[in-house]
Amino acid sequence: MRTLRPIPAARRRARHRGSIGLAMVIVLIIVQLTVIGVVTTGVREQDITIQRLDTLRAFYAAEGGMNMAIREMMNNVDEDGDGVIGTISDDGNAANDPALAAARLVVTKSISGPQITLTSQGRSGIARRKAQAVLQ
């Protein structure tokens, strides 16, 4: 008959140290994945906020350009110097479009009989907004 001998205390402690080390590695991996998830979510939220701000800037630039063009027509003066009353920077050169804060704008005019259609386009970052007004 075989007798079972007890495991020496030193070997039992070594086994426990190995399992504690493995548990710590698993805990560290979980903490790292949590931190990565939080950072990724923060970056997404920041990108969405920037896109919303660009959209608002583009919208207000389009509205402001429309107001500038209507003012030119009311005063019968080419205030932006593009050569046409009622348009803003309608010269095909995007580099000299007027800037309103971080947005740029251009206003074009088309005449159809007694109606004048003004189309204002604002842009900021990747956002684009357009406003139209029909005048008689």
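Analysis parameters
- Residues numbered from 1 in each chain as written.
- Predicted model: local features only at pLDDT ≥ 70, side-chain atom pairs only at ≥ 80, totals over all residues.
- Heavy atoms only, no water.
- Helix = DSSP H or I, 4+ residues; strand = E, 2+ residues; numbered from the N terminus.
- pLDDT = per-residue confidence, 0-100.
- Phe/Tyr/Trp six-rings, centres within 6.5 Å; stacked < 30°, edge-to-face > 60°.
- Pairing = 2+ DSSP bridges.
- Buried < 20%, exposed > 50% of the residue type's maximum accessible area, 1.4 Å probe, protein only.
- Salt bridge = Lys/Arg side-chain N within 4 Å of Asp/Glu carboxyl O.
- Polar contact = N/O pair within 3.5 Å; in protein donor to acceptor, adjacent residues only side chain to side chain.
- Contact = heavy atoms within 4.5 Å.

## Some points on the environment of Ala101
Now for step 1: For Ala101, the position within the fold is in the loop between strand S1 (99-100) and strand S2 (103-112).
Now for step 2: Ala101 sits 23 residues away from Ser124 along the chain, and the two C-alpha atoms are 9.4 Å apart.

## Describing the confidence of the model for the chain
Now for step 1: Chain-level pLDDT for the chain is 86 on average; 88% of the residues reach the 70-or-more range.
Now for step 2: Within the chain, no element has a lower average pLDDT than S1, which sits at 82, and none a higher one than strand S4 (residues 127-135), at 94.

## Quick notes on the packing of aromatic side chains
Now for step 1: If you walk through the whole model with that rule in mind, you get 1 aromatic pair.
Now for step 2: Centroid distance Phe59 to Tyr60: 5.2 Å. Interplanar angle 65°. Geometry classified as edge-to-face.

## Regarding the sheet that holds S4
Adjacent strands of a sheet pair through backbone hydrogen bonds, lying either parallel or antiparallel.
Now for step 1: The strand order S1-S2-S3-S4 describes an open sheet built from 4 strands, whose pairing is antiparallel. Taken across any chain shown, the strands that pair with only one partner, and hence form the sheet edges, are S1 and S4.
Now for step 2: Strand direction decides the pairing type here: S1 and S2, joined by 2 bridges, are antiparallel. In the sheet register, Ala99 faces S2, and the bridge partner there is Arg104.

## Topic: unusual backbone geometry
Now for step 1: Although it is not a glycine, Asn76 sits at a positive phi angle of roughly 55°.
Now for step 2: Within the secondary structure layout, Asn76 lies in the loop between helix H1 (9-75) and S1.
Now for step 3: The phi dihedral of Ala101 falls on the positive side, at around 60°, and the residue is not glycine.
Now for step 4: Classification of Ala101 as exposed rests on a relative accessible area of 76%.

## Considering the pattern of salt bridges
Now for step 1: In the structure shown here, the tally under the stated rule is 3 salt bridges.
Now for step 2: Close ionic contact of Arg57 with Asp54 constitutes a salt bridge, the shortest N to O distance being 3.0 Å. With a gap of 3 residues between them, Arg57 and Asp54 both fall in helix H1, about one helical turn apart.
Now for step 3: Note that Glu79 and Arg71 form a salt bridge whose closest N and O atoms lie 2.7 Å from each other.

## Observations regarding the side chain of Ser124
Now for step 1: Secondary-structure assignment places Ser124 in strand S3 (residues 115-124).
Now for step 2: Taking relative accessible area as the criterion, Ser124 reaches 2% and is therefore assigned buried.
Now for step 3: A polar contact of 3.2 Å, which involves the side chain of Ser124, links it to the side chain of Asp54.
Now for step 4: Once you skip the residues sitting within four places of it in the chain, Ser124 turns out to touch Asp54, Arg57, Ala58, Ala102 and Ala103.

## A short note on the pairing of S3
Now for step 1: Pairing between S2 and S3: 9 bridges, direction antiparallel. Opposite Val107, over in S3, you have Ser120 as the bridge partner.
Now for step 2: As judged from the 9 bridges shared by S3 and S4, these two strands associate in the antiparallel manner. Considered in S4, the bridge of Thr117 is made with Val134.
Now for step 3: Where S3 folds back onto S4 in an antiparallel hairpin, the turn is made up of 2 residues, including Gly125, whose phi is positive at roughly 60°.

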